[in-house]
Amino acid sequence: MARTDRLFRLLHAMRVLPAPVTAARLAEETGVSLRSLYRDIDALRAAGARIEGERGYGYRLIEDVALPPQTFERIEIEALVLGLSEVRQMGDPALAEAAASVLAKVAATLPDRAEQHLLHAVSQARRFAARFPAMPDIVGFMATIRSGCWREEALAIRYADKDGAPTERTILPLSIVYLDSQMTLLAWCTLREAFRMFRLDRIRAVAATGISFRPRRAALLRDYLAELRRAGATRAASADPQERRGDGSR
């Protein structure tokens, strides 16, 4: 591993692990010997990182040389904590881990008082039921779908309809939507030649095809969202007038 990459891994470990963190734990996390770990800590200190602690006690990252200082109002800190807490509750394991990493990076950029506000924020999110589908390899499953969206590559899926009947589809993945109780994939279905919503809990298997549809994802997603808005407006216009008023009158 290149030394620069190793130093960034060490910084990240010091951001996310409970402080003070021992040299042995840091060495295990970064995959280096204790001797190399001590040299890396000295290198970070020489580069401007404020790291408190010493051998035999443990280390604490006080000021992160890799991140510029940030200033947030207290209500903005509450919004950050609540938003990232929601991601940790609603997302798959990889997304939840990423949210924890983001929060640690933000904390590392804050002045001491603001950092305490973040660590003791009053806003939290709690969900008692997972939104992601129960699968043996949920991390790989979500990584394939997410990568398909990012890389704009078609996916081959095996999908079950509401009656459980299986179908084989090739889709162009556009966006993952997190609804109240489930996760949905917006996509272009090549079988139906139309936009479709696929519930992730009904996708039985997914695989990358290597077929690129770049750079069409942004335009396709824009068209699909416009189609959904038109459909919503049509349903609202055809609803009962008294029902639309929402005043409880009959």
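Residues numbered from 1 in each chain as written. Predicted model: local features only at pLDDT ≥ 70, side-chain atom pairs only at ≥ 80, totals over all residues. Heavy atoms only, no water.

**Q** Would you explain the overall build of the chain in this entry?
**A** The helix and strand inventory of the chain stands at 9 helices and 7 strands. Over its C-alpha trace the chain gives a radius of gyration of 24 Å, far above what one expects of a compact globule, namely 18 Å for 250 residues. Along the longest, intermediate and shortest principal axes, the C-alpha atoms of the chain span 70 × 50 × 35 Å. Residues counted as buried form 37% of the 250 residues belonging to the chain. Roughly 15000 Å² of accessible area belongs to the chain as shown, and the carbon and sulfur atoms make up 52% of that amount. Here the chain holds 38 positive side-chain charges and 31 negative ones, and the gap between their average locations is 3 Å. (Helix = DSSP H or I, 4+ residues; strand = E, 2+ residues; numbered from the N terminus. Rg over C-alpha atoms; globule rule 2.2 N^0.38 Å. Buried < 20%, exposed > 50% of the residue type's maximum accessible area, 1.4 Å probe, protein only. Areas by Shrake-Rupley, 256 points an atom, 1.4 Å probe, with all protein chains shown as cover. Lys, Arg positive; Asp, Glu negative; His and termini not counted. Charge placed at Lys NZ, Arg CZ, Asp CG, Glu CD.)

**Q** What is the right way to look at the confidence of the model for the chain in this model?
**A** Where the model shows low pLDDT, its predicted coordinates should not be examined in detail. This prediction gives the chain a mean pLDDT of 86; 90% of its residues lie at or above 70. Of all secondary-structure elements in the chain, the lowest mean pLDDT belongs to helix α9 (residues 241–245), at 49, while strand β3 (residues 153–160) reaches the highest, 97. Note on residues 243–250: pLDDT is under 50 here. Beyond four places in sequence and across chains, it has 6 contacts. (pLDDT = per-residue confidence, 0-100. Contact = heavy atoms within 4.5 Å.)

**Q** Even after reading the chapter, I still don't get the sheet that holds β3, so can you show me in this structure?
**A** By definition, the strands of a sheet pair up through backbone hydrogen bonds, in either a parallel or an antiparallel sense. The 5 strands lie next to each other as β6-β5-β4-β3-β7, forming an open sheet whose pairing is antiparallel. A strand with exactly one partner marks an edge of an open sheet, and here the two such strands are β6 (194–199) and β7 (203–212). For this sheet, the mean inter-axis angle between neighbouring strands, taken without regard to orientation, is 45°. With 6 bridges connecting them, strand β5 (residues 183–189) and β6 associate as antiparallel partners. (Pairing = 2+ DSSP bridges. Axes fitted to C-alpha atoms, helices over the stretch in contact; angles between N-to-C directions.)

**Q** Can you walk me through the state of the cysteines in this structure?
**A** What we call a disulfide is simply a covalent bond connecting the sulfur atoms of a pair of cysteines. Inspection of every chain in the model, using the stated rule, returns 0 disulfides. C149 takes part in no disulfide bond, and the closest cysteine sulfur, belonging to C189, lies 15 Å away. Judged by its relative accessible area of 6%, C149 falls in the buried class. Given a relative accessible area of 0%, C189 falls into the buried group. (Disulfide = S-S within 2.5 Å.)

**Q** What exactly am I supposed to notice about the pattern of salt bridges here?
**A** One side chain can pair with another of opposite charge once the charged atoms of both are near each other. By the definition in use, this model includes 6 salt bridges. For R6, the salt bridge goes to D40, with nearest N and O atoms at 2.7 Å. With a gap of 34 residues between them, R6 in helix α1 (residues 3–16) and D40 in helix α3 (residues 34–47) connect regions that are remote in the sequence. Owing to a relative accessible area of 16%, R6 belongs among the buried residues under this scheme. Taking the relative accessible area as the measure of exposure, D40 reaches 1% and is therefore buried. One salt bridge connects E153 with R151, and the closest N-O pair in it is separated by 3.3 Å. (Salt bridge = Lys/Arg side-chain N within 4 Å of Asp/Glu carboxyl O.)

**Q** Any chance you could explain the packing of α1 against helix α5 (residues 93–109) here in plain terms?
**A** In a pair of packed helices, the angle between the axes and the distance between the axes together describe the arrangement. Between α1 and α5, the least distance of the axes is 9 Å, while the angle of their chain directions is 90°. Judged by the inter-axis angle, α1 sits roughly perpendicular to α5. Contacts between α1 and α5 involve H12, R15 and V16 from the former and S101, A104, K105 and A108 from the latter. When grouped by side-chain class, the residues that make up the contact of α1 with α5 number 3 nonpolar, 2 polar and 2 charged. (Parallel < 35°, antiparallel > 145°, perpendicular 65-115°, else oblique. Nonpolar A, V, L, I, M, F, W, Y, C, P; charged D, E, K, R; others polar.)

**Q** Help me out: how do you make sense of the nonpolar core in this one?
**A** Soluble globular proteins: nonpolar side chains tend toward being buried together. If you look at the biggest cluster of nonpolar residues, it comprises 20 residues, and the most contacted ones within it are L26, L37, I51 and Y59. Elements with a minimum of two residues in this core: α1, α2 (23–30), α3 and β2 (58–63). By size, the runner-up hydrophobic cluster in this structure holds 18 residues, among which are I157, Y159, M183 and V206. (Core = buried A, V, L, I, M, F, W, Y, C linked by side-chain atoms within 4.5 Å.)

**Q** Mind showing me how you'd approach helix α6 (residues 112–119) here?
**A** Along an α-helix, residues three or four positions apart point the same way, because every turn accommodates 3.6 residues. Within the span of α6, buried status applies to A114, H117 and L118. Considered in projection along α6, the buried side chains sweep an arc of 100° and stay on one side of the axis. Residues of α6 that are exposed and point more than 90 degrees away from the buried face comprise D112, R113 and L119. (Arc of directions from axis to C-beta.)

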